[in-house]
Amino acid sequence: MILFLLWSNSSADPNLHPNNVLDRFDRLYAPLFAQKPPLKLLSYGNLHLVYYQLAVDGWLAPFYQEDELTSVLAINFPLNGHQVLQQRGISVQPTLALPQLARELQAKPENVLGEIAPPMLLFWNDKSTEQSYLLNDGLGHAQLFEYEHNGTIILSNRIFAFPTLNLPLQPVFAEWAVKCCRFFGWFPLNCTGFSQIKFAEPSTLYKWSVNGLVKQRLNVLEKWVQRENMPEADCLELARTSLIDYVKSTQSLFSHASGGLSGGYDSRAVFSTYRHLGLNLNAKVKGPANNYDVILAKQLAEIADFPLRFKQEVELPPESTDWLSHSICASLLWQAGNMVNHKLKTFLPQPTGISSGRVQVMGHAGAIGKPWFARKVKAENCEVGQYEEKITSWVLRKIPKIMLNQQKDNVKNIILDAYQQAETFGVSPEKRLTFFYLFERCRRGESGSQNTQTSLVLSPFLNANFIRAVFSYQGQGIKSHIFHRYIIETNTPDWASIPYEKEMKSVKQKQTNSLAPKTLATDWRQSDNIDYYNQRLYWQHIGRDLLEKSLTQGRYWREIYDPTMNLFNSVNFADELTMLYELEKLLN
């Protein structure tokens, strides 16, 4: 994993001298690490890139590669890059393919990028022309932030890196209001929560030469989502083979990897693909023995005859107010709010610091092939023309009542703008709810959370052909889990009879007498069946002092929530209120 900051110092400003920036960058981030990784610098003329590279256990391919023509830094490694080169008739060693891939991207960027699986972020220097390039993936899934200052663009995947160039961070409260809505929970559109900073557009090519910076957006995503309808059988098979191709193309990049196997559809489809190919993926499951995920994962592992590692202990938030405050502050410094709100307090639950990562395979992005957002807004059986009305009703129904009226309007308008982006990319009306998941939930929400990890994450669903298969599917909506069931039942028919977590929960709910008395938890460490611990009791007993301090001393929350309302008992919003308080402390 790599943290980086890229800037140009054409004015010879001493504050922007690489040595001074390196020192400030190091002082900012070094305290977060259990063992500080090497801090490195690349300089090409006036262009400078400073970066930390965290070790990844089991990863084999160098992130920096160089030959006589090109030097390359893979900030987000192009996981199927060598496969794309092979498809173009170029034979390369999988772990040393970066220089050749960079040259192909430089020569025919749109064609080559159209086959590379997100996330990817590649920086390279052409030694023959002394020109430098930066290119992100076709979805824009790799975290890349642009800070525009005095007509120049500075780039980083960490927002708090910008102040190391003496650039101010000014919060935009309308954007933080959307982030504070737990039913949404991420910065939409190209918002970041800060003025002058925006999230980069998909497939953007940056080119630096003696004449300065030229920025070009390539039409990659449009070609993935503007599709002619295909027969259902062809869509399903394209989806299945896309996962097979992804797994085969990434297998030579690491010596060992692990993945979480649960009772859900996404992880089962991923493990089904590995089983079909006869490849090993170390399986693990988290939770107590009576958890549905654990019960179902155990059944699947027994049928497949592979070992399953059980993790009953889960990471709990800090048990002291001081360390709770430190954890939230550190998480903001690390990812500036681009992670799930309630997980900020478990970012550094113990005073050990951030350590090296592992190779992890996840079912992340599997919901591209599900009617995820249609279900959220209750639009599965609606006419296309009713989609926007359903989204509006959903927002107004879910928005916190304690929010300022002005911010309620801002939230509604911003989310509707996010939905309407589909039209900009030429998405047909019946596919726009699917596009919303892909471009918003996956590109912004899930990628932000994924980028908080030190592990290198492989997401087999996140590939060009799976996206093409979903957007070629006929009809207004996607049948429930049709892609996942086809993949699992075709690859591993002996798993087809094992139920899924949601099915077991549904049966359990029907069997349970809703009038029966419920046992109230008395210890915050007890699961509340939503999280691995009881959030309400945690804030009532452990985090109470920080919550009260946030309300009495904080100012930012008053820009979002109505100060005339009594919030002292609103533990439901404690994660958001304390996040805003720690953000205010950081910026001041």
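Residues numbered from 1 in each chain as written. Predicted model: local features only at pLDDT ≥ 70, side-chain atom pairs only at ≥ 80, totals over all residues. Heavy atoms only, no water.

Student: Just checking my understanding: could you explain the side chain of Ser327 for this structure?
Tutor: Note on placement: Ser327 falls in helix 10 (residues 321-335). Looking at Ser327, its side chain comes within polar contact range of the main-chain oxygen of Leu344, at 3.2 Å. (Helix = DSSP H or I, 4+ residues; strand = E, 2+ residues; numbered from the N terminus. Polar contact = N/O pair within 3.5 Å; in protein donor to acceptor, adjacent residues only side chain to side chain.)

Student: Is there a simple way to explain the confidence of the model for the protein in this structure?
Tutor: Across the protein, the average pLDDT comes to 91, with 95% of residues at or above 70. Under a pLDDT of 50 for its full length, residues 510-517 has, in the predicted model, zero contacts with residues more than four places off or in other chains. (pLDDT = per-residue confidence, 0-100. Contact = heavy atoms within 4.5 Å.)

Student: Which parts of the structure should I look at to understand empty space enclosed by the protein?
Tutor: One way to see where empty space is left: roll a probe the size of a water molecule over the atoms. Tallied over the entire structure, the rule returns three cavities of 30 Å³ or more. Elements with a contribution of two residues or more to the lining of the largest cavity: strand 6 (70-76), helix 14 (432-450) and strand 18 (456-458). For the lining of the largest cavity, the class distribution of residues is ten nonpolar, nine polar and no charged. (1 Å grid on protein atoms, 1.4 Å probe; cavity = no way out; pocket = protein on both sides within 12 Å on 5 of 7 lines; lining within 4 Å. Points joined across faces, edges and corners; volume = space filled by probe spheres on them. Nonpolar A, V, L, I, M, F, W, Y, C, P; charged D, E, K, R; others polar.)

Student: What should I look at first to understand the packing of aromatic side chains in this one?
Tutor: Note on aromatic pairs: each is described by the distance of the centres and the angle between the planes. Tallying each qualifying case throughout the model produces 38 aromatic pairs. Judged by centre distance (5.5 Å) and plane angle (35°), the rings of Phe25 and Tyr52 are tilted. Taken as a pair, Phe25 in helix 1 (residues 18-29) and Tyr52 in strand 3 (residues 47-53) lie far apart in primary sequence, 27 residues in all. Neither Phe25 nor Tyr52 differs from the other in exposure class; each is buried. Here Arg268 stacks its cationic end above the ring of Tyr500, 3.8 Å away from the centre of that ring. The ring centre of Phe439 lies 4.2 Å from the NZ or CZ of Arg443, which sits over that ring. (Phe/Tyr/Trp six-rings, centres within 6.5 Å; stacked < 30°, edge-to-face > 60°. Buried < 20%, exposed > 50% of the residue type's maximum accessible area, 1.4 Å probe, protein only. Lys NZ or Arg CZ within 6 Å of the ring centre and 35° of its normal.)

Student: Hey, could you run me through a positive patch on the surface in this one?
Tutor: On the surface, Lys286, Arg309, Lys311, Lys343 and Arg358 cluster together to form a positively charged patch. Relative to the helices and strands, Lys343 is located in the loop between helix 10 and strand 17 (357-361). (Patch = residues over 30% accessible without salt bridge, like charges linked within 9 Å, V, L, I, M, F, W, Y side chains within 5 Å. Areas by Shrake-Rupley, 256 points an atom, 1.4 Å probe, with all protein chains shown as cover. Salt bridge = Lys/Arg side-chain N within 4 Å of Asp/Glu carboxyl O. Lys, Arg positive; Asp, Glu negative; His and termini not counted. Charge placed at Lys NZ, Arg CZ, Asp CG, Glu CD.)

Student: For this particular structure, what's the right way to read unusual backbone geometry?
Tutor: The general pattern is negative phi for most residues beyond glycine and trans for most peptide bonds. The linkage connecting Pro118 with the following residue, Pro119, adopts the cis geometry, with an omega of -10°. At Asn166, a position not held by glycine, the phi torsion is positive, near 60°. The residue Asn166 is located in the loop between strand 10 (152-156) and helix 5 (173-179) in this model. One non-glycine residue, Ala336, lies in the positive phi region at around 50°. Residue position: Ala336 is located in the loop between helix 10 and strand 17. Assessed through its relative accessible area of 3%, Ala336 is described here as buried.

Student: Help me understand the environment of Gln251 in this model?
Tutor: Here Gln251 is to be found in the loop between helix 7 (232-250) and strand 14 (258-260). C-alpha of Gln251 to C-alpha of Tyr292: the two residues are 41 residues apart in sequence and 30 Å apart in space. In this view, Gln251 contacts Tyr274, Leu279 and Asn280; residues no more than four positions away in its chain are not counted.

Student: Got a minute to help me understand the layout of surface pockets in this structure?
Tutor: If you add up the space inside the second largest pocket, you get close to 710 Å³. What lines the second largest pocket is a set of 29 residues, among which Trp7, Ser8, Asn9, Ser10 and Asn46 lie closest to the centre. Of all the secondary-structure elements, those providing two or more residues to the lining of the second largest pocket are strand 1 (2-8), strand 10, strand 12 (204-209) and strand 13 (212-217). Broken down by element, the residue count for the lining of the second largest pocket peaks at three residues, all from strand 10. When its residues are assigned to classes, the lining of the second largest pocket shows eleven nonpolar, 16 polar and two charged.

Student: Would you mind showing me how to read the sheet that holds strand 7 (residues 121-126) here?
Tutor: Sheets are built from strands paired through backbone hydrogen bonds, the pairs being either parallel or antiparallel. Pairing is antiparallel across the open sheet formed by six strands, whose spatial order is 5-6-7-8-12-13. The open sheet has two edge strands with one neighbour each: strand 5 (64-66) and strand 13. Adjacent strand axes in the sheet meet at a mean angle of 15°, parallel and antiparallel pairs treated alike. Lying over the sheet, helix 3 (residues 98-107) contacts strand 5, strand 6, strand 7 and strand 8 (131-136), oriented at roughly 85° with respect to strand 7. (Pairing = 2+ DSSP bridges. Axes fitted to C-alpha atoms, helices over the stretch in contact; angles between N-to-C directions.)

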